[in-house]
Amino acid sequence: MNGSRIAALGHYQPARVLTNEDLAGLVDTSDEWITSRVGIRTRHIAGPDEPVDELAAHAAAKALAAAGLTPADIDLVLVATSTAVDRSPNMAARVAARLGIPSPAAMDVNVVCAGFTHALATADHTVRAGAATRALVIGADKMSDVTDWTDRTTCVLVGDGAGAAVVEASEEPGIGPVLWGSVPEMGHAVRIEGTPSRFAQEGQSVYRWATTQLPSIARQACERSGLAPADLAAVVLHQANLRIIEPLAQKIGAVDAVVAKDVSESGNTSAASIPLAFSKLVERGEITTGDPVLLFGFGGNLSYAGQVVRCP
């Protein structure tokens, strides 16, 4: 085998929906204020009895079913998350236990909002190297656990959810070379820290960095796959803010591509945002098997990672 591919996707969101009107009852805000600044209208919020690994396991089970596989077919579990409450067992081991995966390598990947694309690249490398046969790659975050619900600058942004992909070996590469990196000296711009842990960010710094620096980096990710941005069928960026997504997609030059805008209904779900949005595009039939799709994560640590994949 010369490469790996995404065989199937799955996603999961908690049942509770929090609207902008609901938030207006908690903090000094309004639907107009939120939608005009970040483009978010609703978000899903998990309950106290819905931990991160449960969200992740639901999404992973759907991806397995879509691939026609059983838990015994998986030998690597990677979970991208930054909201794990406990250090050990890690989220990947907890998900493996929930699903009944017999003896997988199980690792967490904490690159915050760019976590899923980092984990996907890691799975691609591992499968191509022959160290794993099939991998579950999951992005899952419960941002509501690390949110100050009295801070209107952050509580309006976040949501909870999970998305998953099954990655397996293939004769033709279905996952392109990753382009990844970071700006460590600006890592303070997005934080989840303290006791208790709380999410905070310097919104204007992140906005300027994302809209000015990332377009050229995303274009380089396309070039590594041998494609021009105009060849893309879809662009799935980290769902941080509609006011970042729209200009960034435009500056990349993906003129005819479907642009994922799940942030409007899901909010910023951190590591879950890309697989969640990607899975929904496939489920709705907006893209079809074999279509080239740019996945591009960015955010916490001011890290980024992107690759072109073929739609399952």
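Residue numbering note: each chain is counted from 1, following its sequence as written. Confidence filtering applies because this is a predicted model: local features only for residues at pLDDT of at least 70, side-chain atom pairs given and counted only at 80 or more, and all residues used for totals across whole chains, interfaces and linings. Note that water and hydrogens are dropped before the side-chain values are worked out from all heavy atoms of the structure.

Colleague: Which residues make up the packing of aromatic side chains, and what values do they have?
Modeller: Aromatic rings from Phe, Tyr and Trp, taking only the six-membered ring of Trp, are treated as a pair when their centres fall within 6.5 Å; an angle between ring planes under 30 degrees marks them as stacked, one over 60 as edge-to-face, and anything in between as tilted. Tallied over the full model, the rule gives 1 aromatic pair. With 6.5 Å between their ring centres and 40° between their planes, phenylalanine 296 and phenylalanine 298 make a pair best called tilted. Here the two residues phenylalanine 296 and phenylalanine 298 agree in accessibility, since each one is buried. The rule for a charge over a ring is simple: NZ of Lys or CZ of Arg within 6 Å of the ring centre, and within 35 degrees of the ring normal. Sitting over the ring of tryptophan 33, arginine 152 keeps its end group 4.5 Å from the ring centre. Each residue is assigned to one of three classes by its accessible area relative to the maximum for its type, calculated with a 1.4 Å probe on protein chains only: buried under 20%, partly exposed between the two thresholds, exposed over 50%.

Colleague: Explain the sheet that holds strand E14 (residues 303-310) to me, and be specific about the residues and the numbers.
Modeller: For two strands to pair, DSSP has to find at least two bridges joining them. Helix and strand definitions here come from DSSP, where helices need a minimum of 4 consecutive H or I residues and strands a minimum of 2 consecutive E residues; each element is numbered from the N-terminal end. Read from one edge to the other, the open sheet built from 5 strands follows the order E8-E14-E13-E11-E12, with strand pairing classed as mixed. Edge strands, defined here as strands with exactly one partner in the open sheet, are strand E8 (179-182) and strand E12 (258-259). Inspection of the sheet shows strand E13 (residues 292-299) paired to E14 by 8 bridges, in the antiparallel sense. Bridge pairing links phenylalanine 296 to glycine 306 in E14. Two residues qualify as a contact provided that any one of their heavy atoms is within 4.5 Å of a heavy atom in the partner residue. What counts as an axis is a line fitted to C-alpha atoms, over the stretch in contact for a helix, and the angles between N-to-C directions run from 0 to 180 degrees. Against the sheet, helix H5 (residues 115-128) contacts E8, E13 and E14, and its axis sits at roughly 55° relative to E14. Docked against the sheet, helix H10 (residues 273-283) engages strand E11 (234-237), E12, E13 and E14, running at close to 150° with respect to E11.

Colleague: Could you give an account of the sheet that holds strand E7 (residues 160-170), naming the residues involved and the relevant values?
Modeller: Pairing is mixed across the open sheet formed by 5 strands, whose spatial order is E1-E7-E6-E4-E5. Looking at the sheet topology across the chains shown, the edges are occupied by strand E1 (3-12) and strand E5 (105-109). In this sheet, neighbouring strand axes are inclined to one another by 20° on average, regardless of whether the strands run parallel or antiparallel. Against the sheet, H5 touches E1, strand E4 (76-80), E5, strand E6 (134-142) and E7, its axis set at about 160° to E4. Sheet strands in contact with H10 are E1, E6 and E7, and its direction is about 90° off that of E1.

Colleague: Please set out the pattern of salt bridges residue by residue, giving values where relevant.
Modeller: Any Lys or Arg side-chain nitrogen located within 4 Å of an Asp or Glu carboxyl oxygen qualifies as a salt bridge. Within the structure shown, the criterion is met by 14 salt bridges. A salt bridge links lysine 280 to glutamate 265, with the nearest nitrogen and oxygen atoms 2.8 Å apart. Placement of the pair is lysine 280 in helix H10 and glutamate 265 in helix H9 (residues 263-266), with a sequence separation of 15 residues. On the basis of relative accessible area, glutamate 265 is assigned to the partly exposed category, the value being 39%.

Colleague: Please set out the side chain of aspartate 160 residue by residue, giving values where relevant.
Modeller: Checked against the element boundaries, aspartate 160 lands in strand E7. Of the side chains with opposite charge, lysine 142 lies nearest to the buried aspartate 160, which makes no salt bridge, at 6.0 Å. Whenever a nitrogen or oxygen atom comes within 3.5 Å of another N or O atom, the pair is scored as a polar contact, on the condition that within protein one atom can donate a hydrogen and the other can accept it, and that pairs from neighbouring residues in sequence are kept only if both atoms are in side chains. Of note is the side chain of aspartate 160, whose polar atom sits 2.8 Å from the backbone nitrogen of alanine 46. Side chain to side chain, aspartate 160 and serine 144 meet in a polar contact 2.7 Å long. Setting aside anything within four residues of it in sequence, one finds aspartate 160 in contact with Gln13, Pro14, His44, Ile45, Ala46, Leu55, Asp141, Lys142, Met143, Ser144 and Thr269. Note on charges: Lys and Arg go in the positive column, Asp and Glu in the negative column, and His and the chain ends are not counted at all.

Colleague: Describe in detail the state of the cysteines, supporting the description with residues and values.
Modeller: Cysteine sulfur atoms are paired as a disulfide whenever they come within 2.5 Å of each other. Counted by the stated rule, this structure contains 0 disulfides. Looking at cysteine 222, it has no disulfide partner, and the nearest cysteine sulfur is the one in cysteine 311, 16 Å off. For cysteine 311, a relative accessible area of 4% puts it in the buried group.

Colleague: Account for helix H4 (residues 91-99), naming residues and giving values.
Modeller: All of the buried residues along H4 are Met91, Ala92, Val95, Ala96 and Leu99. Projected onto a plane normal to the axis of H4, the buried residues spread over an arc of 135° and lie on a single side. Structurally, H4 contributes buried residues whose contacts are with helix H3 (52-67), E4, E5 and E6. Looking one or two residues past H4, glycine 100 carries a phi angle of roughly 80°, positive in sign. When we speak of the arc, we mean the arc of directions from the helix axis to the C-beta atoms.

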